[in-house]
Amino acid sequence: MRVHLLLSAGRGPRECEWALIELLVRLKAEAAARGLRAAVASDTSRSALVTVEGEGAGEFARGWTGTLCWQASSPFRTGIGRKNWYVIAQPVNLDVPHTGFSERDVDVVATRTGGPGGQHRNKASTAVRATHRPSGRVVVVDTERQFGLNRRIALRLLRERLEADDAAAERAAVAGRWRVHDQLVRGNPARIERPAIGASDPRGTRPPRRARGR
């Protein structure tokens, strides 16, 4: 089984970037302890995509879904009372299915339609009704006087509409991943993690230095 989790520091302060890194370390360690594979791909310093694979990956991901809290003193600022730094983690869909097109999956039926063109069209049944069985997409074409030409147009239209459906699904999946960054709710975390007892000064663990101009 494979599950994708997107972790984001949202619009929080720099400490949330640090919290993201610490939580990723904790997540990977826990996954390894359960015999799972957790691969991390960082999109930016404020987000990371985690792919968890193995038996029980779904249950593991649910335990890391929601608002996560890293509870520790800031490694950047002294004298502040705040110790809770929040990160959002949500499952996302990367494996958007694509509809393969094959003429073998299309039922083509001759039909009659009215309208311009006169009686020849109605008597000869030159119009085409084409149904793509896997998706249920249907097109009706009667623009030409010949059945073969209408059939060719119908198949082309079906292919184009299926490709458009796939493109729309891909855009929706990308938009869904971007929305995660704005869904962070601070407080009432689903999970709280803290540095291990006896761990070194947290100020020794910092996010990567930002590139100039960012």
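Residues numbered from 1 in each chain as written. Predicted model: local features only at pLDDT ≥ 70, side-chain atom pairs only at ≥ 80, totals over all residues. Heavy atoms only, no water.

### A word on the pairing of strand E3 (residues 47-53)
Consideration 1: Where burial is concerned, most of E3 is hidden: six out of the seven residues are buried.
Consideration 2: Relative to E3, strand E1 (residues 2-8) is paired through seven bridges, and the arrangement is antiparallel. Pairing of Leu6 across the sheet is with Leu49, part of E3. (Buried < 20%, exposed > 50% of the residue type's maximum accessible area, 1.4 Å probe, protein only. Helix = DSSP H or I, 4+ residues; strand = E, 2+ residues; numbered from the N terminus. Pairing = 2+ DSSP bridges.)

### Concerning the pattern of salt bridges
Consideration 1: As enumerated under the stated definition, the model contains 11 salt bridges in all.
Consideration 2: Between Glu30 and Arg34 there is a salt bridge whose closest N-O contact spans 3.4 Å.
Consideration 3: The class for Arg34 is partly exposed, based on a relative accessible area of 48%.
Consideration 4: Between Asp107 and Arg133 there is a salt bridge whose closest N-O contact spans 2.6 Å. Taken together, the positions of Asp107 in strand E6 (residues 106-111) and Arg133 in the loop between strand E7 (127-132) and strand E8 (137-141) put the pair 26 residues apart, joining distant regions of the chain.
Consideration 5: Via salt bridges that share partners, Arg26, Glu30, Arg34, Arg191 and Glu193 belong to a single interconnected network. (Salt bridge = Lys/Arg side-chain N within 4 Å of Asp/Glu carboxyl O.)

### Here's the deal with the side chain of Asp166
Consideration 1: Positionally, Asp166 belongs in helix H4 (residues 147-180).
Consideration 2: The residues touching Asp166, leaving out its near neighbours within four places in the chain, are Pro97, His98 and Thr99. (Contact = heavy atoms within 4.5 Å.)

### Digging into the sheet that holds E6
Consideration 1: One open sheet holds the three strands; their spatial order is E6-E7-E8, and the pairing between them is antiparallel. Two strands close off the open sheet at either side, each with one partner strand: E6 and E8. With direction set aside, neighbouring strand axes in the sheet form an average angle of 15 degrees.
Consideration 2: The sheet contact formed by E6 and E7 spans six bridges and is antiparallel. Residue pairing in the sheet places Val108 in a bridge with Ala130 of E7. (Axes fitted to C-alpha atoms, helices over the stretch in contact; angles between N-to-C directions.)

### Topic: the nonpolar core
Consideration 1: With 27 residues, the main nonpolar core has Leu7, Val50, Phe60 and Trp64 as its most contacted residues.
Consideration 2: Breaking this core down by element, the ones donating at least two residues are E1, helix H1 (14-33), E3, helix H2 (57-63), strand E4 (66-71) and strand E5 (84-91).
Consideration 3: Ranked by residue count, the leading element in this core is H1, at eight residues.
Consideration 4: The residues contacting Leu7, other than those within four sequence positions of it, are Leu20, Leu24, Arg46, Ser47, Ala48, Val50, Leu68, Val87, Ile88 and Ala89.
Consideration 5: Counting 10 residues, the second-largest nonpolar core is a separate cluster that includes Val106, Val141, Ala154 and Leu162. (Core = buried A, V, L, I, M, F, W, Y, C linked by side-chain atoms within 4.5 Å.)

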